[in-house]
Amino acid sequence: MSAYLNTNAATLEASAAEPVCTEPLQVLGRDVRVPLVTGGEVTYAALDYAASAPALQRVWDDVAAYAPYYGSVHRGAGYLSQLSTDLFENARRTVEEFLDCREGDQVIFTRSTTDSLNLLAQALPADCQVFVFETEHHASLLPWRDARVTYLNAPRTPDEAVRTLETALAARDPYGPALVCVTGASNVTGELWPVRELAAAAHAHGARIVLDAAQLAPHHPVSVQELDVDWVAFSGHKLYAPFGSGVLAGRADWLQEAEPYLAGGGASKAVARRTDGGVDVEWHSTAARHEAGSPNVIGAYSIASACKALTEAGFDSLVAREQELIGRVRTGLAEVPQVRVLSLFGDDAPRVGVISFVVDGWNSSHFAAALSAEYGIGVRDGLFCAHPLVRTLLGSDPQEQGECGAPEAAPGEKSLNAIRVSFGAGTPDEHVERFVRAVGELVRDGARWNYRTEDGRCVPDTSA
């Protein structure tokens, strides 16, 4: 950083003193009050972190401090443009450090995990074979459909996952390029996958591997070098930085050799008209090759801020506290016989704060609506953009149609859906305790309000 930019940039990027993480990290919305259909108000319990985590107060404050200095990135000679460019590139270096990238790896800022994996899918070498488990989120299940893709059946143990992959790779064409895509932590069960072992199996058979870390990075440290993965993808909005940005980080060669993900300014290094009337383009070989258009500097800066905040809080402390919360939820749910927690790898499998379940006698959409309307608790219901996995976990025995149908169920169909509770570094103890108490009360006493289906959603019936 030049002395010219140093004063304001240093102020904006100053790191807070390292805290001891014995309490939840401060997030926006922690004091928001919401109405209950039964009367009164309650502080909202946000327990849908797996969809979008609230913004860390630290991230919000950093963005607010930078906002007056906002300028175009890589575009202008003015002070604010140069400052914004400097912060944008420093954000890239912060992410490199957060992910423990190798020398020569590239960090590309995208819009989301979905965008990152679609970018990589577009950059695959010709005739590349792709191997992906059916248990993936749609973001990592669907981008490869234009490639030679092999979908692998859901394993029931981590060891079975490794064996299944080894068998599939051993049968592949050994002379062409290959890619394995795997999640780090399931967005349905929260279970951790054996990423290092899967990476070793991939590399032993001449394949590369990309890690979908959308649900892993907010909960655990992710080291590209220790896991020995070739690429990592994650989203800012799950990492307490909901400003429309994501990351694809990893090996540069396939990315440098591919046509730009988007054609336009920023990706192009030089453009010239030809005598025949056409246009010649020289594309950048850096990360800019796949960052056409005006970069989302606020999104990138917010991700860097979140990376710093989580690192400073200390993942050991964050993981320890989250495991306490997981234990409380699982113990509370186990005390309700009508509740069945969904799992691939079994009760003892290590996991992050993502737990899905069904309740006998309840449609999941109805149950989730009652949690919201009667207790001020926000959870997710449905198939969680992981339809093959949830259908595998629920089997062929759909829930009875309740007062409200699942959003995914066609008119007249029985619903096949589940409830997901998810939490993380910003979750207060009281939110978890209220959730456990609410589950027990709803199962024991039933809903205190009538509900109906409106536009595919289960909502309180206020027509009376």
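A short tour of the structure in this document, coming up. (Residues numbered from 1 in each chain as written. Predicted model: local features only at pLDDT ≥ 70, side-chain atom pairs only at ≥ 80, totals over all residues. Heavy atoms only, no water.)

Take the sheet that holds strand E9 (residues 231-235) next. Read across the sheet, seven strands follow the order E4-E10-E9-E8-E7-E5-E6 without closing on themselves; strand pairing throughout is mixed. Looking along the sheet, the strands with just one partner apiece sit at the ends: strand E4 (106-110) and strand E6 (148-152). Strand-to-strand twist across the sheet, computed as the mean angle between neighbouring axes with direction ignored, equals 20 degrees. Bridge analysis of strand E7 (residues 178-183) against strand E8 (residues 208-212) gives five bridges, and the strand direction is parallel. Bridge pairing in E8 places Cys181 opposite Val210. Lying on the sheet, helix H3 (residues 79-99) is in contact with E4, E9 and strand E10 (246-250); it crosses E4 at an angle near 115 degrees. Contacts between helix H7 (residues 195-204) and the sheet are confined to strand E5 (129-133), E7 and E8, with E8 contributing the most and set at about 155 degrees to the helix. (Pairing = 2+ DSSP bridges. Helix = DSSP H or I, 4+ residues; strand = E, 2+ residues; numbered from the N terminus. Axes fitted to C-alpha atoms, helices over the stretch in contact; angles between N-to-C directions. Contact = heavy atoms within 4.5 Å.)

Even without being glycine, Asp228 reaches a positive phi, approximately 60 degrees. The residue Asp228 is located in the loop between helix H8 (224-227) and E9 in this model. At Tyr240, a residue that is not glycine, the phi angle is positive and equals roughly 70 degrees. Accessibility expressed as a relative area gives 1% for Tyr240, which makes it buried. (Buried < 20%, exposed > 50% of the residue type's maximum accessible area, 1.4 Å probe, protein only.)

The subject of this paragraph is H3. The end-to-end C-alpha distance of H3, which contains 21 residues, comes to 30 Å, matching closely the 30 Å that a straight helix rising 1.5 Å per residue would cover. Downstream of H3 by a residue or two, Asp100 has a phi angle that is positive, lying close to 55 degrees. (Expected span 1.5 Å × (residues − 1).)

With that out of the way, let us pick up the sheet that holds strand E16 (residues 380-382). Taken in spatial order, the four strands make up an open sheet running E13-E14-E17-E16, and their pairing is antiparallel. Each having just a single partner strand, strand E13 (339-341) and E16 make up the two edges of the open sheet. Neighbour-to-neighbour, the strand axes of the sheet open up by a mean angle of 30 degrees, direction not taken into account. Where strand E14 (residues 354-359) lies against strand E17 (residues 418-422), four bridges are found, and the strand directions are antiparallel. Looking across to E17, one finds that Val354 is bridged to Ser422.

The next thing to look at is the environment of Leu211. As for its placement among the helices and strands, Leu211 is situated in strand E8. Sequence separation between Leu211 and Val224 is 13 residues; the distance between their C-alpha atoms is 9.2 Å.

Here we take up a nonpolar patch on the surface. A contiguous nonpolar surface patch, about 230 Å² in accessible area, is contributed by Val271, Val279 and Val281. Tracing the chain through its elements places Val271 in strand E11 (residues 268-273). (Patch = residues over 30% accessible without salt bridge, like charges linked within 9 Å, V, L, I, M, F, W, Y side chains within 5 Å. Areas by Shrake-Rupley, 256 points an atom, 1.4 Å probe, with all protein chains shown as cover. Salt bridge = Lys/Arg side-chain N within 4 Å of Asp/Glu carboxyl O.)

Bringing the side chain of Gln215 into the picture now. Mapped onto the secondary structure, Gln215 falls in the loop between E8 and H8. Of note is the side chain of Gln215, whose polar atom sits 2.9 Å from the backbone oxygen of Ala50. Leave out the neighbours within four places in its chain, and Gln215 touches Ala50, Ala185, Ser186, Asn187, Lys238, Val352 and Val354. (Polar contact = N/O pair within 3.5 Å; in protein donor to acceptor, adjacent residues only side chain to side chain.)

With that settled, consider the pattern of salt bridges. With the rule as written, the count across this model stands at 24 salt bridges. With a shortest N-O distance of 2.9 Å, Glu89 and Arg92 are connected by a salt bridge. One end of the pair is Glu89 and the other is Arg92, both in helix H3 and three residues apart, which spans about a single turn. Note on Arg92: relative accessible area 8%, which makes it buried.

Turning next to the packing of H3 against helix H10 (residues 297-313). Between H3 and H10, the least distance of the axes is 9 Å, while the angle of their chain directions is 40 degrees. Classified by the angle between their axes, H3 and H10 sit oblique to one another. As for the relative orientation of H3 and H10, their crossing is left-handed in sense. Residues Ser84, Phe88, Ala91, Thr94, Val95 and Phe98 of H3 form the contact with H10, whose participating residues are Val297, Ala300, Tyr301, Ile303, Ala304, Cys307, Lys308, Leu310 and Thr311. In the contact of H3 with H10, the residues fall into eleven nonpolar, three polar and one charged. (Parallel < 35°, antiparallel > 145°, perpendicular 65-115°, else oblique. Left-handed = near helix turned anticlockwise from the far one by under 90°. Nonpolar A, V, L, I, M, F, W, Y, C, P; charged D, E, K, R; others polar.)

Here the focus is the side chain of Glu374. Along the chain, the position of Glu374 falls in helix H12 (residues 364-375). On the accessibility criterion, Glu374 (2% relative accessible area) is buried. Here Tyr451 takes part through its side chain, which lies 2.6 Å from a polar atom of the side chain of Glu374. Excluding anything up to four places from it in sequence, Glu374 contacts Leu36, Val37, Thr38, Leu442, Ala447, Arg448, Trp449 and Tyr451.

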